[in-house]
There are 2 protein chains.
Amino acid sequence: MLPEDNILFKGIDQSDCQRMISCFNADIKTFRSGQKIMDYSDNPDKLGVILCGTAVMVRYDINGVRSIMESLNEQSIFGVYFTFTASQRSGIEIVAETECNVMFVRRSEITKRCEKACQCHSKVVENLLQLMSEKAISLNERIEVLSQRTIEEKLISCLSIIEEKTPNGKAPQIPFSTTALSDYLCVNRSALQREITRLKNNGVLTISKRKFKLMRNRDSDN
Amino acid sequence: MLPEDNILFKGIDQSDCQRMISCFNADIKTFRSGQKIMDYSDNPDKLGVILCGTAVMVRYDINGVRSIMESLNEQSIFGVYFTFTASQRSGIEIVAETECNVMFVRRSEITKRCEKACQCHSKVVENLLQLMSEKAISLNERIEVLSQRTIEEKLISCLSIIEEKTPNGKAPQIPFSTTALSDYLCVNRSALQREITRLKNNGVLTISKRKFKLMRNRDSDN
DNA sequence: AAAAATCTGTTGCAATTGCAACACAGGAGG
DNA sequence: CCTCCTGTGTTGCAATTGCAACAGATTTTT
């Protein structure tokens, strides 16, 4: 991927991009599926952008129970938000799901002003603002899902959000396996399975593979 | 409160502040306790900063169940994240808890460049970045709490975070009533009460009024 | 192609949680 | 002082959820 296609450098021409990448000391690395991309015990100032591939942000609590905090695709950004959190309390990691190329930049390099590329700096900051806004929206969506009191409500809330974001004409699709979905929803897998089956039997939900459809018209009783 | 005390205008001197406030078409309004400050059905571009007072971000789901999404104090910022979201799906509102002064700015006014105050604009954008970063951390903390599988774990996780943020020497304090806390944790109030009582009896937790203390040394059995 | 590993789907049982109802405490306001 | 309203604390019972175990399907590795 060329630098100027990168969301962080959007709107900046290629020559400036190259200059800024070296100015930022940006670092591009490749990871294989399953490899750990980032561990929040390391550097809180580090910021990553996925150039290609997919990854997940996972958390292991004291009992070793895994929660998927977020799924990350191409152009996803991570690391910005944990600048001040006490991450030692919980083990948060970014793990590659497929082969990934990741660009690392230090947040402080972006925020500071330098003589060489001032006009570009502020553009990058604006882009970053935009990205953080989008990221925060997805955090809010997550909270909306987790706020639901029952598994049924969590599931329907989650599927509604996916459905809403799916372009017209395309079939909405769950970006997880059922097992991973249960981690995302923070519920027991077999209990989730039970709910899915129940909703299918009630005609509220249709699933084939990962494609699904929600029927909202019938009043969802029983 | 003077403009230059405002977090959004931090590092900008007063004359520039005044100029920018009119340049931004910033709007300062007063709300009484209980009044609705913002309704996400209205303007997605609008951004608010609480100048004084406290407020809460609440959500009413389809069944009318209230969840506190966040509590907002002086200098809290809201409205930044929902720029593109379909918030019409769920009824999100900002409601004053006490009398509040709130400054409203349009997000697009901040991001755009103007000839009159360019150097200040980028400073404001940086400040905004900082604010969003902090806000996103609190969203992540909320997710961390809601990710916990049981009420006990949710409660302890929540209290740990509060404890960690409390300055040394001060007694950690819950910023909610128990009833509001149950909304924040998205659990049933009486079930939460039951857990609190149980933890107190087991010597894990001490609470007087809203001040509390967690004992972590004993292994939390029973 | 066989073996290993992971995911799906199901179920009985135990534990947790929600619900509803009630008693009591404290604060606001007439 | 009394009343109204909101929050606290408790409990029995019902509903939901977690847990464990298992069988079969699917994918990955050898």
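One numbering rule holds for all chains: residues counted from 1, following each sequence as written. Note on labels: chains are lettered from A, ligands numbered from 1, in written order. Selection of residues for local features in this predicted model requires a pLDDT of at least 70, selection of side-chain atom pairs for listing and counting requires 80 or more, and totals for whole chains, interfaces and linings are taken over all residues. Values shown for side chains rest on all heavy atoms present in the structure; no hydrogens or waters enter the calculation.

**As for the protein's contact with DNA strand C**
For each residue, the test is whether any non-hydrogen atom lies within 4 Å of the molecule or strand; if one does, the residue is near. The immediate surroundings of DNA strand C are formed by 17 residues, with T179 and T197 of chain A together with T150, I151 and N188 of chain B found nearest. Sugar and phosphate atoms form 50% of the subset of DNA strand C atoms that lie within 4 Å of the protein. Any pair of nitrogen or oxygen atoms within 3.5 Å is treated as a polar contact; in protein, a donor-acceptor pairing is required on top of that, and neighbouring residues in sequence qualify only through side-chain atoms on both sides. T197 of chain A is positioned with one of its side-chain polar atoms (N or O) 2.8 Å from a phosphate oxygen of DNA strand C. Within the side chain of R194 of chain B, one N or O atom sits 3.1 Å away from a base nitrogen of DNA strand C.

**Notes on unusual backbone geometry**
Residues and elements named next belong to chain A. One non-glycine residue, C186, adopts positive backbone phi at about 60 degrees. Every helix listed is a DSSP run of H or I at least four residues long, and every strand listed is a run of E at least two residues long, numbered separately from the N terminus. Looking at the secondary structure, you find C186 in the loop between helix 5 (178-185) and helix 6 (189-201). Among the residues examined, C186 registers a relative accessible area of 8% and is labelled buried. Burial classes: relative accessible area under 20% of the type maximum marks a residue as buried, over 50% as exposed, and values in between as partly exposed (1.4 Å probe, protein chains only).

**Focus on the sheet that holds strand 1 (residues 27-31) of chain A**
Residue and element names in this part refer to chain A. At least two DSSP bridges between two strands are needed for those strands to be called paired. On the basis of which strands lie adjacent, the open sheet formed by four strands has the order 1-8-3-6 and antiparallel pairing. Either end of the sheet is taken by a strand with one partner, and the two such strands are strand 1 and strand 6 (77-78). By the bridge criterion, six bridges tie strand 3 (residues 46-52) to strand 8 (residues 100-106) in an arrangement that is antiparallel. Paired with G48 across the bridge in strand 8 is F104.

**A word on the protein's contact with DNA strand D**
Surveying the vicinity of DNA strand D reveals 19 residues, the closest of which are T150, I151 and N188 of chain A together with T179 and T197 of chain B. Counted by atom, the contact set of DNA strand D within 4 Å of the protein is 52% sugar and phosphate. Contact between DNA strand D and R194 of chain A: a base nitrogen at 3.0 Å from a side-chain N or O atom of the residue. In this structure, a phosphate oxygen belonging to DNA strand D sits 2.8 Å away from a side-chain N or O atom of T179 of chain B. For the surface near DNA strand D, the secondary structure elements donating two or more residues are helix 6 of chain A together with helix 5 (178-185) and helix 6 (189-201) of chain B. Among the residues forming the surface near DNA strand D, the class breakdown is three nonpolar, nine polar and seven charged. Residues were grouped as follows: Ala, Val, Leu, Ile, Met, Phe, Trp, Tyr, Cys and Pro as nonpolar; Asp, Glu, Lys and Arg as charged; and all remaining residues, including Gly, as polar.

**Considering the packing of helix 5 of chain A against helix 6 of chain A**
Residues and elements named next belong to chain A. Note on definitions: angles span 0 to 180 degrees between N-to-C directions of axes, and those axes are lines fitted to C-alpha atoms, for helices only across the stretch in contact. The interhelical angle for the contact between helix 5 and helix 6, taken along N-to-C directions, is 105 degrees, at an axis separation of 9 Å. Our classification of the angle between helix 5 and helix 6 gives roughly perpendicular. In contact with T178, T179, L181, S182 and L185 of helix 5, helix 6 contributes R189, L192, Q193 and I196. Broken down by class, the residue content of the contact of helix 5 with helix 6 amounts to four nonpolar, four polar and one charged. In what follows, roughly perpendicular refers to angles from 65 to 115 degrees, roughly parallel to angles under 35, roughly antiparallel to angles over 145, and oblique to any angle outside these ranges. Residue contacts follow a heavy-atom distance rule, with two residues in contact if any of their heavy atoms lie within 4.5 Å.

**Notes on helix 1 (residues 14-24) of chain B**
Residues and elements named next belong to chain B. Residues of helix 1 that are buried: D16, C17, M20, I21, C23 and F24. When helix 1 is viewed along its axis, its buried side chains cluster within an angular range of 160 degrees and face the same direction. Facing away from the buried side of helix 1 by more than 90 degrees, the exposed set consists of S15 and S22. Each C-beta atom gives one direction from the helix axis, and the arc is the one those directions make.

**What about the nonpolar core?**
By size, the foremost hydrophobic cluster in this structure holds 44 residues, and its most contacted members are L8, F9 and I110 of chain A together with L8, F9 and I110 of chain B. Contributions of two or more residues to this core are made by helix 1 (14-23), strand 3, strand 8 and helix 3 (118-147) of chain A together with helix 1, strand 3 (46-52), strand 8 (100-106) and helix 3 (118-147) of chain B. Ignoring any residue separated from it by four or fewer positions in sequence, one finds L8 of chain A in contact with V49, I77, M103, I110, V124, N127, L128 and L131 of chain A. To qualify as a nonpolar core, a set must consist of buried Ala, Val, Leu, Ile, Met, Phe, Trp, Tyr and Cys residues joined through side-chain atoms within 4.5 Å. Of all hydrophobic cores here, the second largest spans 23 residues; its members include I161, F176, L185 and V187 of chain B.

**A closer look at the pattern of salt bridges**
Residues and elements named next belong to chain B. By convention in these notes, a salt bridge is any Lys or Arg side-chain nitrogen within 4 Å of a carboxyl oxygen on Asp or Glu. Under the counting rule described, the total for this entry stands at seven salt bridges over all chains. Residues E141 and K165 are paired through a salt bridge, measuring 3.0 Å at the closest nitrogen-oxygen approach. Of the two residues, E141 is situated in helix 3 and K165 in helix 4 (residues 151-165); the sequence distance between them amounts to 24 residues. The shortest N-O distance in the salt bridge between E195 and R198 comes to 2.9 Å.

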